[in-house]
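# Tertiary structure, described
The chain contents come next:
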Amino acid sequence: MTSQVSADPAGVNDLTYTADEMMTVTAARTLRDGMTCFVGIGLPSAAANLARATHAPGLVLIYESGTIGAKPAELPLSIGDGVLAETADAVVSVPEIFNYWLQPGRIDVGFLGAAQIDKFGNINTTVIGGNYSHPSVRLPGAGGAPEIAASCREVIVVVRQTVRSFVDQVDFVTSVGYGSGPGDRERLGLTGAGPKKIITDLGVLEPDPDTLEFTVTGLFPGVSAAAAKERTGWDLAVAAEPEVLAGPSPAELDALRSLQTRGSRQRSHP
Amino acid sequence: MAQIVSLAEAVERAIHDGDAVAMEGFTHLIPFAAGHEVIRQRRRDLTLIRMTPDLIYDQLIGAGCARKLIFSWGGNPGVGSLHRFRDAVEHGWPAALEIEEHSHAGMANRYVAGASGLPFAVLRGYNGTGLETLNDDRHEAPTIRPITCPFTGETLTAVAAIRPDVAVIHAQRADRAGNVQLWGIAGVQKEAVLASQRSIVTVEEVVDDLEPRPGAVVLPAWTVSYVALVPGGAHPSYALGYSARDNDYYVAWDAIARDRDAFTRWLDESVYAVPAGQS
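Treat the numbers as computed from the prediction; the structure is a model and nothing was measured.

Calculation notes
Residues numbered from 1 in each chain as written. Chains lettered and ligands numbered in written order. Predicted model: local features only at pLDDT ≥ 70, side-chain atom pairs only at ≥ 80, totals over all residues. Pairing = 2+ DSSP bridges. Helix = DSSP H or I, 4+ residues; strand = E, 2+ residues; numbered from the N terminus. Buried ≥ 20, exposed ≤ 12 C-beta atoms within 10 Å, placed from the backbone.

## Observations concerning the sheet that holds strand E16 (residues 237–244) of chain A
Residues and elements named next belong to chain A.
- If you trace the 10 strands from one edge of the open sheet to the other, you get E6-E5-E4-E3-E7-E12-E13-E14-E15-E16, paired in mixed fashion. Each edge of the open sheet is held by one strand with a lone partner, namely strand E6 (90–91) and E16.
- Direction of pairing for strand E14 (residues 203–207) relative to strand E15 (residues 214–219): antiparallel, over a ladder of 5 bridges. The partner of Gly203 across the bridge, within E15, is Leu219.

## Side note on the pairing of strand E11 (residues 166–175) of chain B
All names here are of chain B.
- Within E11, 9 of the 10 residues are buried, which leaves the element mostly enclosed by the surrounding structure.
- Pairing of strand E2 (residues 20–23) with E11 involves 3 bridges; the strand directions are parallel. What sits directly across from Ala22, in E11, is Ala167.
- Relative to strand E13 (residues 198–207), E11 runs parallel, the two being bridged by 9 bridges. Among the inter-strand pairings, Val168 is bridged to a residue of E13, identified as Ile200.
- Of the strand pairs in this sheet, E11 and strand E12 (residues 180–182) are connected by 2 bridges, and their pairing is antiparallel. Paired with Arg173 across the bridge in E12 is Gln181.

## Description of the environment of B:Thr143
- Along the polypeptide, B:Thr143 turns up in the loop between helix H6 (130–133) and strand E9 (144–148).
- Judged by C-beta crowding, with 21 C-beta atoms within 10 Å, B:Thr143 ranks as buried.

Here it is as structure tokens:
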């Protein structure tokens, strides 16, 4: 998953990047300047911060720790690092961030990760294998995700694509995507529109407008539809002519690497 | 009215075997030194309540203090698993751990209900999730139930109030009368203290006068049971204005917690062998 691929097959600029970098850059590009974004930690946080450092300087980053409009210069390790509070427009309590800010649908986009995800974008971050009381693997659980998935105007999921993460049926529904298909979100009273994109280390999936089943609509340079199918635990739908997505620009790569370097330097020398 | 005492004395007086204890602090101001003192005093059969168990409850669970955990996100933020929590759930080591699981929004509202003296709080949440199913008609003592709005007829979600025996928090400072002031990411600490029967607040410093700070949370002395002076008592979490989050420690914890022997050595060397307030 960290294999180097050439973004510049002709070798003109000798530019190489990892699949994770391509995924993060692609996720960042989905965010528009001036949007409000509820950010989960890990890959989503890297993408949201990259967007703010490049094409979307006015992106409003909101973390569940209650920091609204955080402007970290380095990637925070947690959702509650001091730099988020120090640079925020406002810091509110945890009941307030969920009740006043997320619940009424004020936030444009929720950025989530996943351990398992199915063809309708339902997410599991709770347990894998066995049963709920005696799972094979106990994952962290829900955190803010169920209500982010329910109440943000739309949701973007960032997850590495493997047969273990892209499953026919999630072992536990932590956060609802489209449930079992069209009409389920409305029936459940979920106010946001649901997941609009899943961005992986292979490409981009979007829901089919009729069935809401996630379909490959974009692939990274050098990635085939067959490779995406191979790393999926269901019979993956692929658009007739998936777009070949542009590799990261030098500016995007510079900005991402510099955010990450500053983050790890801050960790080694607090 | 708050009494200013030593950390050992506060834990001895406020926390008893079998208590429901909420040690709160959302990434910031986590009361680690107080947690270590609970381990040192070998409290048992505790119901541990916390939105993000974090390293502090990984340590208490691994040390055998807990019977039950009420929580909403049990990971090491940005690093990975809480291995002592996982070992307890997956293998029953050092003892089986009962769990009661929520989302952050649900837990936050449960504290609000507790602080408000109400039996439940209402939110839009859980619809269609496995957590809702775990609390349906087939289950005893549910804490998530549907409720109909008496004005619109809309179906919403009720969550049961949390009323801990004891809340434990860390704050930047208190005055000599025991009034407490904290700022930065304020989490659910105010709600946790007001929802609880008793409370312990460890602080970075005790001052003559609490200079007002815009946006600070103030807990008047008459809402707090015990205040203990424990500078650095949130490490490896942090106290804004006093210390930075020790992210290297969070990364290093992974290897300690992954291995039962390494963890047991850590307990002996870094908790049992160290006086109260210095771990």
